[in-house]
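Coordinates in review
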Amino acid sequence: MATESRSTGVLGVTDGKAADPDQRIRVVVHAADPISRAGVVCQLRQHPLIDLRDESESAPGAVAVLIGDTLDETMFTWLRRVVRGEGARPVLIVSALREAELLDVIECGVGAVVWRREATEQRLLQAVLAAERGDGDLPADLLGRLMSQVGTLHRSAVGGIGVPVTGLTAREADVLRLVAEGLDTAEIAAKLCYSERTVKNVMHGLTTRLYLRNRAHAVAYALREGYI
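Residues numbered from 1 in each chain as written. Predicted model: local features only at pLDDT ≥ 70, side-chain atom pairs only at ≥ 80, totals over all residues. Heavy atoms only, no water.

Quick look at the sheet that holds strand β4 (residues 89-94)
Strand order in the open sheet made by the five strands is β2-β1-β3-β4-β5, with parallel pairing throughout. The open sheet has two edge strands, β2 (50-53) and β5 (112-115), and neither has a second partner. The mean inter-strand angle of the sheet, taken between neighbouring strand axes irrespective of direction, is 25 degrees. Seen against the sheet, helix α2 (residues 73-85) touches β1 (25-31), β3 (63-67) and β4 and runs at an angle of roughly 180 degrees to β3. Of the strands in this sheet, β1, β2, β3, β4 and β5 are in contact with helix α4 (residues 121-133), which crosses β4 at around 150 degrees. (Pairing = 2+ DSSP bridges. Helix = DSSP H or I, 4+ residues; strand = E, 2+ residues; numbered from the N terminus. Axes fitted to C-alpha atoms, helices over the stretch in contact; angles between N-to-C directions. Contact = heavy atoms within 4.5 Å.)

Put into structure tokens, the structure is as follows:
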């Protein structure tokens, strides 16, 4: 008897087929309450590329999904521990973020944020995959607030004159400007007439050279320094 299969749009794999163990994404879910944790675990467990681990099994390179209503001091301490102490790649699931928390979250290493009201199975998978790749995945309204806030900070620091400091090449600034507009690697490559490999190399080079954690952190840096 043939087994029916179902393809997922986010990760491009077919349900029911065993994933290569070396390609599975290690995911650890942290939550202040057991109901929230159980809900996210239930949604992620269904995907063959997700390798769910216990909280005690967190390791460098794993994706840490952190769930809370707001980013209180306890959750922020928790976030710093999994990023700096354990080398995890965080996905933050919250109901809201205050303006004062945006840069702190990005500079702490968070590249993927999901609003709790939008945390469907598809949305969670998208965020986990982005975090595993080191990409940014921020809600559009949050990205807009981040750009506005960093722009304000920069104008205050330089007296309203956008004089960029040495750090980014013109090509890196062009790529980051399109990242800030929400374009993915393929769209950036098409827009700038580069190959996708070139775009990836540009991003890898600047994040490595400037010690930036991910694309979102790179955008924040470029905004702060007046490049975009």
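A few points about the pattern of salt bridges
Opposite charge on two side chains allows them to pair when their charged atoms are near. Summed over all chains, the structure comprises seven salt bridges. R133 is the salt-bridge partner of D135, the closest N and O atoms lying 2.7 Å from each other. A relative accessible area of 16% places D135 in the buried class. Its salt-bridge partner being D174, residue R177 comes within 2.9 Å of it at the nearest N-O pair. A residue pair is termed a helical-turn pair when its members lie 3 or 4 positions apart in one helix, as R177 and D174 do in helix α6 (residues 170-180) at three residues. What you see here is one network of salt bridges that share partners, running through R133, D135 and R215. (Salt bridge = Lys/Arg side-chain N within 4 Å of Asp/Glu carboxyl O. Buried < 20%, exposed > 50% of the residue type's maximum accessible area, 1.4 Å probe, protein only.)

Quick look at the pairing of β5
Walk down a regular strand and you will see the side chains alternate between the two sheet faces. Along β5, one buried face is formed by A112 and V114 and the opposite face, lined by V113 and W115, is buried too. Across four bridges, the pairing between β4 and β5 is parallel. In the sheet register, V91 faces β5, and the bridge partner there is A112.

With respect to the packing of aromatic side chains
Aromatic ring pairs are defined here through the distance separating the ring centres and the angle between the ring planes. Here the structure, examined in full by the defined rule, presents zero aromatic pairs. The ring centre of Y194 lies 5.7 Å from the NZ or CZ of R171, which sits over that ring. (Phe/Tyr/Trp six-rings, centres within 6.5 Å; stacked < 30°, edge-to-face > 60°. Lys NZ or Arg CZ within 6 Å of the ring centre and 35° of its normal.)

Digging into the environment of L124
With respect to the helices and strands, L124 occurs in helix α4. For L124, a relative accessible area of 3% puts it in the buried group. Setting aside chain neighbours within four positions, we find L124 in contact with V40, Q43, L44, I93 and A119.

Looking at the nonpolar core
Ranked by size, the top nonpolar core spans 26 residues in total, and within it L92, L97 and V113 carry the most contacts. Sorting the residues of this core by element identifies β3, α2, β4, α3 (102-107), β5, α5 (140-158) and α9 (215-224) as the ones contributing at least two each. Residue contributions to this core peak at six residues, all from α2. Filtering out sequence-adjacent residues up to four positions away, L97 remains in contact with L71, L92, L102, V105, V113, W115, L142 and R145. (Core = buried A, V, L, I, M, F, W, Y, C linked by side-chain atoms within 4.5 Å.)

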